[in-house]
Amino acid sequence: MQKYSVFSLIKNAFSNHEKWEIAWKDPAPKSEYDVVIIGGGGHGLATAYYLAKEHNITKVAVIEKGWIGGGNVGRNTTIIRSNYMHDENGLFSEFGMDLWRNMSQDLNFNIMFSPRGIINLAHSDAQMNAYSRRGNSMRLNGIDAVLLNRDEVKKLIPMADFSENVRFPIFGGLMQPSAGTARHDAVAWGYARQADSMGVDIIQHCEVTGFDVVNGKIQGVQTSRGNIKAKKIGLCVAGSTNVLAEKLNMTLPVETHLLQACVSEPIKPILDQVVTFGAGHFYCSQSDKGEMVMGGDLDGYNSYAQRGNLPTLQHVLTEGIAMFPFLSKLKMLRTWGGIMDMSMDGSPIIDKTHIDGLYLNCGWCYGGFKATPASGWTFAHTIAQDRPHDLNAGYSLNRFSTGHLIDEKGLGTKTWIS
Amino acid sequence: MSQNFRLEKGGLINRNKKISFKFNGKKYFGFEGDTIASALIANGVHLVGRSFKYHRPRGFFGAGVDEPYAILQMNRNNEVDPNVRATEQELFEGLEAKSVNCWPNVDFDIGAINNFLNKFFPAGFYYKTFMWPKSFWYKIYEPIIRKAAGFGAASINHDKERYEHKYEYCDLLITGSGPSGLASAYAAAQNGAKVILAEDKPRFGGSLLTSEATIGNQSGKEWVDTIISKLKSMKNVIVKNRSQVFGYYDHNMLVMSERVSDHLPETEKYTPKQRLWYIRAKEVVISSGSIERPLVFGNNDAPGVMLSSAAKEYLKVYGVLVGKKPIIFTNNDSGYETAIEFKKNGIDPVVLDTRISPDSEIINEAKNLNITIKNSYVVVAAKGYKKVKSADIAKISDDKKKLSRIENIECDCICVSGFWTPSIHLASQSGNKTKFNEQIDSFIPNKSKQKETTLGSANGIFTLGETLKTSFEKGNELSKQLTNNDNKISIPAVVEKKSSEHDKFWCVPLPKGKNYKRFLDFQNDVAVSDIELALREGYRSIEHVKRYTTLGMATDQGKTSNLNGLQLVSELENKVVPQVGHTTFRPPYTPVSIGAIVGREVGKHSKPTRKSPMHYWHEKNNAVFVDAGVWLRPRYYKQGSENLFEASKREAKNVRQNVGICDVTTLGKIDIKGPDSAEFLNRVYTNAWLKLPIGKARYGVMLREDGIVMDDGTTTRISENHYHMTTTTAQAANVLSHLEYYLQLVWPELNVNVVSSTEQWAGAAIAGPKSRSVMQKLFPSLDVSNDGLPFMGYIEGNLFGIKARIYRISFSGELAYEVNVESDNGNFMWEKIMEVGKEFNIQPYGTEALSTLRIEMGHVAGSELDGRTIPYDNSLEGLISKKKDFIGKRSLSKKAYVAEDRQKIVGVVPLDKKTSIPEGSYIVKDAKAKLPNPKLGHVSASCWSVEHDNPFSLAIIKDGKNMIGQKLFALSPLKNKSIPVEIVSSHYVDPKGERVRS
Amino acid sequence: MLHIKCPHCGLRSQNEFSYGGDATVKRPELNKEISDQDWDNYVYLRKSPRGKHLELWQHISGCRQWIKVERDTLTHEISKTLKANEEL
């Protein structure tokens with residue numbers, strides 16, 4: 001594989017960039033693989049990469065209905081963090097943070113990890129206390145967290161509303177300095193390129209139409225491009241999980257919902273951190289291009305349509321202006337929607353299933369993008385070893401029966417309330 | 001500088017009103033009716049900005065919403081407006097604008113060094129480099145890139161402008177006032193339909209303003225004026241200019257932004273800057289027209305290269321020449337219209353037509369005017385850096401592959417026409433799966449998805465006659481269904497020149513040995529070579545191409561670049577365009593101000609504020625308020641120089657020693673009536689409710705179906721079939737919906753009605769050992785003794801002439817009463833209580849003292865009932881009935897919930913009896929254990945116990961019931977605290993509950 | 001913004017309603033023996049189909065009635081609305 005570096009860039013400039021190799025091939029499906037990963041999103045591609053890299057399993061295909069990276073890895077607000085209260089989420093995500101920190105070098109693809117810090121604003125003492133609970137949990141789990149008072153917040157983000165004319169004044173905030181953002185598309189492409197170079201087949205425009213299961217064991221998958229045999233199959237299709245589960249006669253603790261996000265027109269640098277509003281649900285960062293990247297609530301009803309409605313965005317942007325009044329003068333440039341797997345406790349599932357050889361990775365709710373490397377790594381482990389790693393043991397499917405739920409928000413099964 | 005490029009006469013501007021404005025600090029003049037763009041061009045100014053990546057000089061490319069270049073920073077009425085499009089912003093007296101994305105100035109821009117190095121910056125170059133050393137991306141490279149990117153600079157000052165929202169319903173919403181919009185609006189209006197006609201530009205008429213065709217005996221412009229004045233006079237029609245319908249959402253909801261005041265020097269009083277319209281239309285006519293496509297050739301981004309239709313618009317609408325030595329480079333007849341217009345104004349254009357031997361009425365007219373026409377000719381490359389100075393032109397072979405006879409000719413502008421792209425954005429947003437029309441090599445709408453009909457050039461119809469005919473007919477037909485009127489209109493005769501077919505050629509090959517940049521996306525600097533590179537590297541899906549190269553992702557959202565990009569990809573991939581497919585259009589069609597989207601809900605009004613009827617008493621008495629959801633509650637009443645801690649301690653102490661009064665109006669209240677009410681409560685709450693006597697209250701806990709505690713509160717049986725439920729402030733709305741859910745859907749057989757009565761009652765809690773004395777004075781005729789009104793008893797009374805409900809319930813753990821009166825009487829009640837309580841040293845207490853009192857009593861509240869705990873965790877298992885079923889009961893048998901070492905609430909006291917334990921601390925066995933340090937549980941609430949005069953906290957910890965007496969640590973790494981503690985019972989005061997019963 | 005026909009009040013905009021999830025989930029009867037699995041199915045499992053979905057909405061800023069709405073989750077087309085006590 002061609003190595004990317006400033007030297008190769010200069011070298012290729014002199015041949016008019018005509019000698020760059022293909023980043024990943026576009027093979028036709030073979031008849032059989034050791035592992036088939038369904039879903040060419042970030043998690044699927046990362047899983048394939050770590051299967052090859054960590055477990056030396058390379059007879060792997062990633063099959064994707066559309067084009068790789070077309071799902072939520074390309075439709076998010078690029079936030080990377082591990083600021084969770086529950087140990088399962090915190091330790092899993094912090095493991096992921098390490099992978100993020102080394103990803104550009106590991107993949108030889110600049111995914112632009114930018115540890116600019118995330119600040120969760122608090123608007124009451126009660127909220128400061130709730131954030132302390134989370135922050136202390138993070139610290140005891142070895143994750144960086146700092147509690148900021150109002151003045152400290154003001155120093156970092158003076159453009160937030162510190163005026164008198166404010167409905168919910170800022171009391172302070174919880175900051176994870178090592179959190180940040182990355183270039184979302186690059187993550188999918190970087191994993192694809194490396195996985196491809198290690199022998200993984202990345203097969204696009206290949207839709208799953210059914211599964212072959214005999215005596216409780218998976219045999220293969222039926223696709224729009226023919227049947228593919230596989231010893232093991234990993235399902236990595238957040239947003240379509242319920243649709244594929246139906247083909248397997250499975251019903252899951254997951255609902256499918258739409259989350260919208262939007263960007264403003266680009267402006268000169270004004271905001272360095274990722275900031276979330278505490279008296280509602282709004283988050284914001286500024287991309288390298290200068291666009292303010294903004295998101296918030298779900299549209300609030302089950303949806304598979306990658307299109308949302310304006311009242312939700314109006315509501316989200318109302319909270320945006322409440323936090324950052326300067327947003328008022330900017331213009332909303334682009335909006336998009338992503339289809340979320342909303343699980344019944346707000347945390348994901350990475351587990352085996354009752355079908356031998358079938359593995360499940362779903363239920364990422366809002367938090368799928370940042371989980372990409374850790375999800376791929378642990379899912380690869382779960383598939384390769386046929387048992388979950390300690391890091392994803394808590395993300396079991398049967399936790400809903402045993403009561404070992406991981407509910408960060410305490411909202412229970414009403415997944416559409418945020 | 002005078003307006004050298006302004007024609008002597010002509011145009012639709014008001015030459016009687018001269019307007020002065022400043023651009024990059026220099027003063028210029030224009031006329032009323034100009035845009036910044038037309039006024040600058042009139043003054044010969046073309047260099048207005050720099051491109052995003054290479055910082056190449058940028059001029060004007062269009063004359064409207066499709067403009068990719070001319071983005072300026074504007075000052076209006078001392079406020080900054082970043083990213084204003086010069087082609088849309090109307091001129092007003094005193095306007096100040098400047099270029100963005102350049103430093104130190106637009107003329108000499110350091111960033112342009114990128115252009116000389118552009119060889120090293122192909123599409124996606126940043127993915128391949130900036131990786132070593134590791135920390136450099138975030139610390140060095142990224143800040144440099146960020147600084148170079150972005151357009152305007154936002155001000156962090158608050159936006160002083162006002163934005164409004166309006167909701168409208170109509171029969172027909174018509175989006176665009178060109179020929180198709182006017183005809184369909186007029187026809188529908190004649191049928192009595194309620195019509196909204198929206199025009200983005202200040203002037204109505206669209207293409208008719210620049211067309212030479214005649215309608216009836218009128219010019220296009222005259223016909224527009226006639227129709228518009230007729231429409232404006234009709235009551236059933238709303239006609240709006242400066243109004244862009246930017247989003248087509250579900251169920252025929254469209255959203256329009258009206259720029260009410262942007263064209264004025266300042267916003268008038270009581271007028272918004274912009275108004276956002278939510279419009280629910282029964283039928284939608286999409287008459288948004290089409291946008292001219294660029295032709296692609298070397299350095300086609302140089303200032304002075306622009307759309308031929310824009311050049312024509314500047315001439316005909318603004319009376320401005322975009323150049324005096326124009327080249328018209330076209331693959332269709334539209335270019336000739338521009339050429340003719342130049343010629344009529346005394347300018348000699350050269351027409352380069354890519355076609356071999358085109359022939360039509362328009363071309364003949366051009367020939368008759370002696371316009372120089374070169375067939376099979378192309379522009380190979382524009383020459384000139386900050387402004388076009390000349391062009392390399394060449395003959396192109398019939399197969400369009402070879403160039404010959406390359407020569408350089410002088411020019412000062414190049415007007416390009418690559419045919420027309422229908423504006424299908426709104427149709428696509430509505431869900432219409434558009435189809436590719438090979439004849440015009442563009443996508444046009446397919447079968448309607450919602451109630452939308454696309455007409456005119458937006459639908460690929462480019463002749464005026466046919467457009468008017470179909471639009472009159474459609475307007476009549478759509479409105480006829482809705483109004484049952486059928487007023488046919490005679491369609492006026494149209495005289496227009498016939499066009500010949502366009503040439504599908506659009507991208508000029510590079511001459512041998514030349515490496516010109518040929519741009520597709522002008523703002524984002526995406527060139528043909530970038531697309532080629534993306535495909536070479538395997539980014540083959542159009543979405544990959546778009547994301548890898550950023551094609552079409554600039555602020556013009558690819559209005560002029562998307563289709564050319566698609567054509568290029570399909571050519572290189574040997575596919576046809578529909579196979580490549582286009583990316584789906586999403587709202588907004590054009591960027592919309594966030595202020596307008598948000599409207600009036602800003603500042604203090606961003607969320608509602610709820611206040612109790614006693615709010616102003618609290619204010620007068622130095623209450624410091626706290627937000628409890630959207631309610632404001634007194635947190636403490638400040639006396640002298642007291643701080644929160646001192647005041648709340650004083651207030652709590654006074655409750656324990658004397659008597660206090662607390663405003664509890666915010667508690668949720670639900671009135672429950674019906675013969676099955678007891679049975680219903682019995683199912684909703686975890687404890688037994690069937691035998692609650694009339695005049696008695698009971699504490700209850702309700703669960704979600706997953707076994708988690710949802711809420712708690714007391715419910716009182718007022719009469720046989722009438723109950724009064726209280727909920728926590730936070731859960732009031734959820735509990736009501738929850739009750740309605742079970743009554744309406746799950747157990748409709750129960751004859752019960754519920755209704756919120758939160759707003760109907762004002763409530764005061766009177767708590768403390770002397771509360772009975774206060775009650776006796778308040779209600780001298782009532783027996784409020786322990787026998788007359790025992791704990792959890794209820795009676796009704798007369799409080800100085802007003803009806804009152806009296807509950808003997810307690811949250812503080814003291815002897816206490818709660819008095820409710822109708823809200824209007826709340827303040828009267830409060831003042832009376834203060835008056836009679838004075839001799840007992842009554843003092844108001846706020847939420848902070850309330851917390852202290854409940855914490856040291858071990859009463860759970862929101863911080864324990866946090867949506868993650870079951871009754872056992874909160875020591876509420878005594879309230880779980882074993883005999884009956886209730887909501888959520890079945891979940892309580894889950895393995896984790898019945899585990900021996902299940903978490904449970906305990907009390908925590910610091911060993912030194914001095915150090916307060918911060919809320920949110922964790923209880924651990926070993927304070928110095930290696931991370932991750934195993935946690936036993938967290939501290940949910942802390943207070944200074946006024947009873948014991950030392951800190952006390954509640955914590956929910958693993959195996960809590962067996963931890964009492966253990967010496968552990970409370971850790972708060974955030975506050976750098978490690979506190980040795982002892983675990984005690986959560987009931988720190990009066991564990992037997994004797995006081996409440998005294 | 002969806003346009004929902006409340007069977008009690010008529011056609012109203014979505015912002016008058018609040019969502020209530022899958023309407024096909026039936027609560028097990030009270031006091032009835034039920035397996036752990038059946039109970040968990042009721043509490044946690046959702047089909048969440050792509051296509052027609054029978055779901056609950058409450059006309060919260062109107063008549064406060066819970067209603068059933070049959071809506072396509074891909075196109076948002078509403079094919080039917082029912083009162084709480086009506087079945088498809």
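All values derive from a computational prediction rather than experimental measurement.

Describing the overall build of chain B
Here is step 1: Along its length, chain B carries 22 helices and 51 strands.
Here is step 2: Its C-alpha radius of gyration of 38 Å places chain B more than 25% over the 30 Å reference for a compact globule of 998 residues.
Here is step 3: For the C-alpha atoms alone, the extent of chain B along its principal axes is close to 115 × 75 × 55 Å.
Here is step 4: Split into buried and exposed, the 998 residues of chain B put 64% on the buried side.
Here is step 5: Relative to all contacts within chain B whose residues are 6 or more apart in sequence, the contacts with residues 24 or more apart total 67%.

A short note on the sheet that holds strand 29 (residues 494-495) of chain B
Here is step 1: Spatially, the three strands line up as an open sheet ordered 11-10-29 (chain B), and their pairing is antiparallel. Since the sheet does not close on itself, it has two edges, and those belong to strand 11 (218-219) and strand 29 of chain B, each with one partner.

With respect to the nonpolar core
Residues and elements named next belong to chain B.
Here is step 1: Counting residues in each nonpolar core, the largest one holds 170 residues, and the members touching the most others are Tyr314, Phe329 and Ile414.
Here is step 2: Ignoring sequence-local partners within four residues, the contact set of Tyr314 consists of Ala37, Ser38, Ile41, Gly62, Ala63, Thr87, Met306, Gly319, Val320 and Val322.
Here is step 3: The next biggest cluster of nonpolar side chains, apart from the first, holds 89 residues, and it includes Tyr741, Leu750, Tyr872 and Val984.

Notes on the sheet that holds strand 35 (residues 660-663) of chain B
Here is step 1: The strand order across the open sheet formed by six strands is 42-43-44-41-35-45 (chain B), and the pairing between neighbours is mixed. With one partner strand each, in any of the chains shown, strand 42 (794-799) and strand 45 (843-844) of chain B form the two edges of the open sheet.

Re the packing of aromatic side chains
Here is step 1: By the definition in use, this model includes 54 aromatic pairs over all chains.
Here is step 2: Centre to centre, the rings of Tyr167 of chain B and Tyr278 of chain B are 5.1 Å apart; their planes meet at 10 degrees, and the pair counts as stacked. Here Tyr167 of chain B is found in strand 8 (residues 163-175), whereas its partner Tyr278 of chain B is found in strand 15 (residues 274-286), with 111 residues between them in sequence.
Here is step 3: We classify Tyr278 of chain B as buried; its relative accessible area is 2%.
Here is step 4: Ring centres 5.1 Å apart and planes at 75 degrees place the aromatic pair Tyr741 of chain B and Tyr742 of chain B in the edge-to-face group.
Here is step 5: A relative accessible area of 4% means that Tyr742 of chain B is categorised as buried.
Here is step 6: Sitting above the plane of the Tyr4 of chain A ring, Lys128 of chain B keeps its charged end 5.4 Å from the centroid.
Here is step 7: If you follow Lys128 of chain B out to its NZ or CZ, it ends over the ring of Trp20 of chain A, 4.0 Å from the centre.

Quick notes on the interface of chain C and chain A
Note: interface size is frequently given as the accessible area lost on complex formation between the parts.
Here is step 1: Contact residues are listed per partner, giving 21 residues for chain C and 27 residues for chain A.
Here is step 2: Both faces combined, the contact of chain C with chain A buries some 2100 Å², and carbon together with sulfur accounts for 56% of it.
Here is step 3: Together, Tyr44, Arg46 and Arg50 of chain C form the three largest contributors to the area buried by chain C at its contact with chain A, with a combined 32%.
Here is step 4: There are one salt bridge connecting chain C and chain A.
Here is step 5: Taken together, the connections running from chain C to chain A amount to 14 residue pairs in polar contact (both at pLDDT 80 or more).
Here is step 6: For the side of chain C that touches chain A, the elements supplying multiple residues, two or more each, are strand 3 (18-22), helix 1 (36-44) and strand 4 (52-58) of chain C.
Here is step 7: When the residues that make up the side of chain C that touches chain A are grouped by side-chain class, the tally is nine nonpolar, seven polar and five charged.

Side note on helix 13 (residues 562-572) of chain B
All names here are of chain B.
Here is step 1: Among the eleven residues of helix 13, eight are classified as buried, and the element is accordingly described as predominantly covered.
Here is step 2: Among the residues making up helix 13, those that are buried are Leu563, Asn564, Gly565, Leu566, Gln567, Leu568, Val569 and Ser570.
Here is step 3: Where helix 13 is buried, its residues meet strand 25 (420-422), strand 27 (442-444), strand 30 (519-521), helix 11 (528-536), helix 12 (542-549) and helix 14 (577-580).
Here is step 4: Phi turns positive, to about 55 degrees, at Asn574, one or two residues after helix 13.

Quick word on the environment of Leu551 of chain B
Residue and element names in this part refer to chain B.
Here is step 1: Within the secondary structure, Leu551 is located in the loop between helix 12 and helix 13.
Here is step 2: Judged by its relative accessible area of 3%, Leu551 is buried.
Here is step 3: Taking the C-alpha atoms as reference points, Leu551 and Val526, separated by 25 residues in sequence, lie 6.0 Å from one another.
Here is step 4: Residues contacting Leu551, with those up to four places away along its chain left out, are Leu520, Asp521, Val526, Ile531, Lys546, Ser561 and Gly565.

What to know about the packing of helix 6 (residues 184-197) of chain A against helix 12 of chain B
Here is step 1: With their axes 10 Å apart at the nearest point, helix 6 of chain A and helix 12 of chain B run at an angle of 120 degrees to one another. As for the relative orientation of helix 6 of chain A and helix 12 of chain B, their crossing is left-handed in sense. When helix 6 of chain A is examined against helix 12 of chain B, the residues His184, Asp185 and Trp189 of chain A are found in contact with a partner set consisting of His544, Arg547 and Tyr548 of chain B.
Here is step 2: Its residues assigned to classes, the contact of helix 6 of chain A with helix 12 of chain B shows two nonpolar, two polar and two charged.

Quick word on unusual backbone geometry
All names here are of chain B.
Here is step 1: Across the junction of Trp103 and Pro104, the peptide omega takes the value 5 degrees, indicating a cis bond.
Here is step 2: With respect to the helices and strands, Pro104 occurs in the loop between strand 7 (96-99) and helix 2 (113-116).
Here is step 3: Cis geometry is found at the peptide bond from Leu931 to Pro932, where omega equals -5 degrees.
Here is step 4: One can find Pro932 in the loop between strand 47 (922-924) and strand 48 (937-945).

Structural notes on the environment of Met323 of chain A
Residues and elements named next belong to chain A.
Here is step 1: By the element assignment, Met323 lies in helix 8 (residues 310-323).
Here is step 2: Taking relative accessible area as the criterion, Met323 reaches 1% and is therefore assigned buried.
Here is step 3: On a C-alpha basis, the gap between Met323 and Ala160 in space is 5.5 Å, while along the polypeptide they are 163 residues apart.
Here is step 4: If sequence neighbours within four positions are ignored, Met323 has contacts with Leu121, Met159, Ala160, Asp161, Val275, Thr276, Phe277, Phe282 and Cys284.

Concerning the packing of helix 20 (residues 771-778) of chain B against helix 21 (residues 826-837) of chain B
Residues and elements named next belong to chain B.
Here is step 1: In the contact formed by helix 20 and helix 21, the axes pass within 9 Å of each other and the chain directions differ by 115 degrees. Both helix 20 and helix 21 take part in a crossing whose hand is right-handed. Residues Val774, Lys777 and Leu778 of helix 20 form the contact with helix 21, whose own contacting residues are Lys832, Ile833, Val836 and Gly837.
Here is step 2: Residues that form the contact of helix 20 with helix 21 fall into these classes: four nonpolar, one polar and two charged.

Focus on the interface of chain A and chain B
Here is step 1: Counting from both sides, the interface comprises 122 residues of chain A and, opposite them, 114 residues of chain B.
Here is step 2: Buried surface at the junction of chain A and chain B, both sides included, amounts to about 10300 Å², of which 55% is carbon and sulfur.
Here is step 3: One can count twelve salt bridges joining chain A with chain B.
Here is step 4: A salt bridge links Asp159 of chain B to Lys329 of chain A; its shortest N-O distance comes to 3.6 Å.
Here is step 5: At the surface where chain A touches chain B, the tally comes to 75 residue pairs in polar contact (both at pLDDT 80 or more).
Here is step 6: In terms of residue class, the side of chain A that touches chain B is made up of 52 nonpolar, 41 polar and 29 charged.
Here is step 7: Sheet analysis places strand 16 (residues 331-343) of chain A next to strand 32 (residues 592-593) of chain B, joined by two bridges and oriented antiparallel. From the neighbouring strand, Lys331 of chain A faces strand 32 of chain B, where its bridge partner is Ser593 of chain B.

Considering the domain arrangement of chain B
All names here are of chain B.
Here is step 1: Each assigned domain of chain B is listed with its residue range as follows: domain 1 (1-158), domain 2 (163-290 + 422-495), domain 3 (294-418), domain 4 (668-853) and domain 5 (898-998).
Here is step 2: Using C-alpha coordinates to define each centre, domain 1 is positioned 25 Å away from domain 3.
Here is step 3: Counting residues at the interface gives 34 residues for domain 1 and 28 residues for domain 3.
Here is step 4: The contact between domain 1 and domain 3 buries some 2400 Å² in all, and 59% of this surface belongs to carbon and sulfur atoms.
Here is step 5: Interface area lost by domain 1 to domain 3 is led by Phe5, Leu7 and Phe61, which between them contribute 28%.
Here is step 6: Seen at the junction of domain 1 and domain 3, the total is three salt bridges.
Here is step 7: Seen at the junction of domain 1 and domain 3, the total is 13 residue pairs in polar contact (both at pLDDT 80 or more).
Here is step 8: Put simply, the parts of the chain that give the side of domain 1 that touches domain 3 at least two residues each are helix 1 (36-42) and strand 4 (57-58).
Here is step 9: In terms of residue count, helix 1 provides more of the side of domain 1 that touches domain 3 than any other element does, four residues in total.
Here is step 10: Here the residues of the side of domain 1 that touches domain 3 sort into 14 nonpolar, twelve polar and eight charged.

Some remarks on the pattern of salt bridges
All names here are of chain B.
Here is step 1: For the coordinates displayed, the defined rule picks out 97 salt bridges over all chains.
Here is step 2: Here Arg242 and Glu90 are joined by a salt bridge, their closest N and O atoms 2.6 Å apart. A residue pair is termed long-range when its members are at least 10 positions apart, and Arg242 in the loop between strand 12 (237-240) and strand 13 (243-248) and Glu90 in the loop between strand 6 (79-85) and strand 7 qualify at 152 residues.
Here is step 3: Its relative accessible area of 12% is what places Glu90 among the buried residues.
Here is step 4: In this structure, the salt-bridge partner of Arg995 is Glu814, at a minimum N-O distance of 2.8 Å. Of the two residues, Arg995 sits in the segment after strand 51 (977-984) while Glu814 sits in the loop between strand 43 (802-807) and strand 44 (816-822), which places them 181 residues apart along the sequence.

Rules used throughout
- Residues numbered from 1 in each chain as written.
- Chains lettered and ligands numbered in written order.
- Predicted model: local features only at pLDDT ≥ 70, side-chain atom pairs only at ≥ 80, totals over all residues.
- Heavy atoms only, no water.
- Helix = DSSP H or I, 4+ residues; strand = E, 2+ residues; numbered from the N terminus.
- Rg over C-alpha atoms; globule rule 2.2 N^0.38 Å.
- Buried < 20%, exposed > 50% of the residue type's maximum accessible area, 1.4 Å probe, protein only.
- Contact = heavy atoms within 4.5 Å.
- Pairing = 2+ DSSP bridges.
- Core = buried A, V, L, I, M, F, W, Y, C linked by side-chain atoms within 4.5 Å.
- Phe/Tyr/Trp six-rings, centres within 6.5 Å; stacked < 30°, edge-to-face > 60°.
- Lys NZ or Arg CZ within 6 Å of the ring centre and 35° of its normal.
- Buried area = accessible area lost by both parts, 1.4 Å probe.
- Salt bridge = Lys/Arg side-chain N within 4 Å of Asp/Glu carboxyl O.
- Polar contact = N/O pair within 3.5 Å; in protein donor to acceptor, adjacent residues only side chain to side chain.
- Nonpolar A, V, L, I, M, F, W, Y, C, P; charged D, E, K, R; others polar.
- Axes fitted to C-alpha atoms, helices over the stretch in contact; angles between N-to-C directions.
- Left-handed = near helix turned anticlockwise from the far one by under 90°.
- Domains from an automatic or database assignment.

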